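# Descriptive structure summary
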Amino acid sequence: MGSVPPPIGGDNHAHRHDHDDGGLTDIELRLRALESLMIEKGYVDPAALDAIVETYETKIGPRNGARVVARSWADPAFRRWLNEDATAAIRSLGYSGRQGEHMTAVENTADVHNLVVCTLCSCYPWPVLGLPPVWYKSAPYRSRAVIDPRGVLAEFGLRLPASTKIRVWDSTAEIRYLVVPLRPAGTEGWSEERLAALVSRDSMVGAGLATDPASLAGEAAT
């Protein structure tokens, strides 16, 4: 998959983060206070802020990443390209920009499960996953994902077989990761649109799996 740096469990773990810790409660409170002050003085339009958030939550969000994953499942040539140069492959679908300049895709297999964390701050691939969830920025996740990834996944409801190897990847200012979850069985011949519906944000971070098609069928029947 190209020159992919080793996961945290490898021999090299030195890297540089260019962001201050964004997961601390006091910082969040300061940001909210500053936002309120700027709105009060008329420097910021609340509607404009809402529009920005809406853009990242709906247009620049997990649905973009789901389309990338669906294309890799359906198109072997795109899958190879994604593994070799994820940034270019993702850009070809129209997803690029800030926080998505240097992307690497890591594929789950029957024997290996990948999990992404940012141990020092909250580096996250915005163009394909949108805004990071609160838990991703939290200190407990950032520390425990490295120390006890299997236990953390169990808390998300994901209990992997003991034989499954877990690789933890540390996202940084220089490189961000997209997990390509294992394609569910029984989806042969599905369109990319149907496949994308099986891909969640958590599965592209590694905190979950792709949705079981049988569960979708059950929902449609109720």
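Everything quoted here is computed from the prediction, not taken from an experiment. (Residues numbered from 1 in each chain as written. Predicted model: local features only at pLDDT ≥ 70, side-chain atom pairs only at ≥ 80, totals over all residues. Heavy atoms only, no water.)

### Considering the packing of helix H3 (residues 62-74) against helix H4 (residues 76-84)
The contact between H3 and H4 brings their axes to 5 Å, and the two run at 120°. Here H3 lies oblique to H4, going by the angle between them. Residues Val68, Arg71, Ser72 and Ala74 of H3 form the contact with H4, whose own contacting residues are Pro76, Phe78, Arg79 and Leu82. A per-class count over the contact of H3 with H4 returns 5 nonpolar, 1 polar and 2 charged. (Axes fitted to C-alpha atoms, helices over the stretch in contact; angles between N-to-C directions. Helix = DSSP H or I, 4+ residues; strand = E, 2+ residues; numbered from the N terminus. Parallel < 35°, antiparallel > 145°, perpendicular 65-115°, else oblique. Contact = heavy atoms within 4.5 Å. Nonpolar A, V, L, I, M, F, W, Y, C, P; charged D, E, K, R; others polar.)

### Let's talk about H4
Those residues of H4 that sit buried are Phe78, Leu82 and Asn83. Buried residues in H4, looked at end-on, bunch into an arc of 140°, giving them a common side. Every exposed residue of H4 that faces more than 90 degrees away from the buried side is listed here: Pro76, Arg80 and Glu84. On its buried face, H4 is in contact with H3, helix H5 (86-91), strand S1 (103-107) and strand S4 (176-180). For H4, the capping residue at the N-terminal end is Asp75, with a side-chain oxygen 3.0 Å from the backbone nitrogen of Ala77. (Buried < 20%, exposed > 50% of the residue type's maximum accessible area, 1.4 Å probe, protein only. Arc of directions from axis to C-beta. Polar contact = N/O pair within 3.5 Å; in protein donor to acceptor, adjacent residues only side chain to side chain.)

### Some points on the packing of aromatic side chains
Scanning all chains against the criterion turns up 8 aromatic pairs. Between Trp135 and Tyr141 the ring centres are 5.0 Å apart and the planes differ by 75°, which places this aromatic pair in the edge-to-face class. Tyr141 gets classed as buried once you look at its relative accessible area, which sits at 5%. Directly above the aromatic system of Phe78 lies the positively charged group of Arg71, at a separation of 5.8 Å from the ring centroid. When the ring centre of Trp190 is taken as origin, the NZ or CZ atom of Arg194, which lies over that ring, is 3.7 Å away. (Phe/Tyr/Trp six-rings, centres within 6.5 Å; stacked < 30°, edge-to-face > 60°. Lys NZ or Arg CZ within 6 Å of the ring centre and 35° of its normal.)

### Notes on the pairing of S1
Burial of S1 is extensive: 5 of the 5 residues sit out of reach of the surface. Residues of S1 alternate between two faces, with Met103, Ala105 and Glu107 on one and Thr104 and Val106 on the opposite face, all of them buried. Pairing analysis gives 5 bridges linking S1 to S4, with the strands arranged parallel. Across the sheet, Met103 pairs through a bridge with Arg176, a residue of S4. (Pairing = 2+ DSSP bridges.)

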